[in-house]
Amino acid sequence: WQIQPSSPDVSWLTISNASGTVNAGANMVTDINCDSSALSPGTYTAELVVSDTDPNTPVLSQTIVVTLYVS
């Protein structure tokens, strides 16, 4: 599996481990953090695409929308 932003302009967002392997029936936790210290007030949105990297077991990609509000 891998997690990637759908656009490269999300420097305020970091992913602790952006790829890996999970055995069947197991779980994995990935931390997604944001740093608003250099951002102007406003709303920031990013899309993260979670996809399968095993060509032998294709699974549809999933999109996660992250919204950050800076005041």
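Before reading on, note that the structure itself is shown above.
Peer 1: Describe the overall build of the protein chain, naming the residues involved and giving the relevant values.
Peer 2: Counting its regular elements, the protein chain contains zero helices and five strands. Going residue by residue from the N terminus, the α and β elements of the protein chain occur as β-β-β-β-β. Along the first, second and third principal axes, the C-alpha set of the protein chain runs to 45 × 20 × 15 Å. Across the 71 residues that make up the protein chain, the buried fraction comes to 15%. Restricting the contact set of the protein chain to residue pairs at least 6 apart, pairs at least 24 apart contribute 46%. Split by element, the accessible area of the protein chain, about 5200 Å² in all, is 50% carbon and sulfur.

Peer 1: Outline the nonpolar core, supporting the account with residue identities and numerical values.
Peer 2: One finds Trp1, Ile3, Val10, Trp12, Leu13, Ala46, Leu48, Val66, Leu68 and Val70 forming the largest nonpolar core, which totals 10 residues. For this core, the secondary-structure elements that each account for two or more residues are strand 4 (42–51) and strand 5 (62–70). Among residues more than four places away in sequence, those in contact with tryptophan 1 are Asn17, Ala18, Ser19, Gly20, Thr21, Val22, Met28, Thr30, Ser51, Asp52 and Thr53.

Peer 1: For the sheet that holds strand 4, give the residues involved together with the corresponding values.
Peer 2: Sheet architecture is open: three strands sit in the order 1-4-5, paired in antiparallel fashion. Looking at which strands have only one partner, the edges of the open sheet turn out to be strand 1 (2–5) and strand 5. On average, adjacent strands in this sheet sit at an angle of 25° to one another, irrespective of strand direction. Where strand 1 meets strand 4, four bridges bridge the pair, whose relative direction is antiparallel. Note on strand 4: the bridge partner recorded for proline 5 is leucine 48.

Peer 1: Quick rundown of the environment of threonine 53? Include the residues and the values.
Peer 2: Looking at the secondary structure, you find threonine 53 in the loop between strand 4 and strand 5. Note on threonine 53: relative accessible area 45%, which makes it partly exposed. Sequence-wise, threonine 53 and valine 10 are 43 residues apart; in three dimensions their C-alpha atoms are separated by 23 Å. With sequence-adjacent residues up to four places away left out, threonine 53 is seen in contact with Trp1 and Gln2. At 3.1 Å, the side chain of threonine 53 and the backbone nitrogen of tryptophan 1 are in polar contact.

Conventions and cut-offs
- Residues numbered from 1 in each chain as written.
- Predicted model: local features only at pLDDT ≥ 70, side-chain atom pairs only at ≥ 80, totals over all residues.
- Heavy atoms only, no water.
- Helix = DSSP H or I, 4+ residues; strand = E, 2+ residues; numbered from the N terminus.
- Buried < 20%, exposed > 50% of the residue type's maximum accessible area, 1.4 Å probe, protein only.
- Contact = heavy atoms within 4.5 Å.
- Areas by Shrake-Rupley, 256 points an atom, 1.4 Å probe, with all protein chains shown as cover.
- Core = buried A, V, L, I, M, F, W, Y, C linked by side-chain atoms within 4.5 Å.
- Pairing = 2+ DSSP bridges.
- Axes fitted to C-alpha atoms, helices over the stretch in contact; angles between N-to-C directions.
- Polar contact = N/O pair within 3.5 Å; in protein donor to acceptor, adjacent residues only side chain to side chain.

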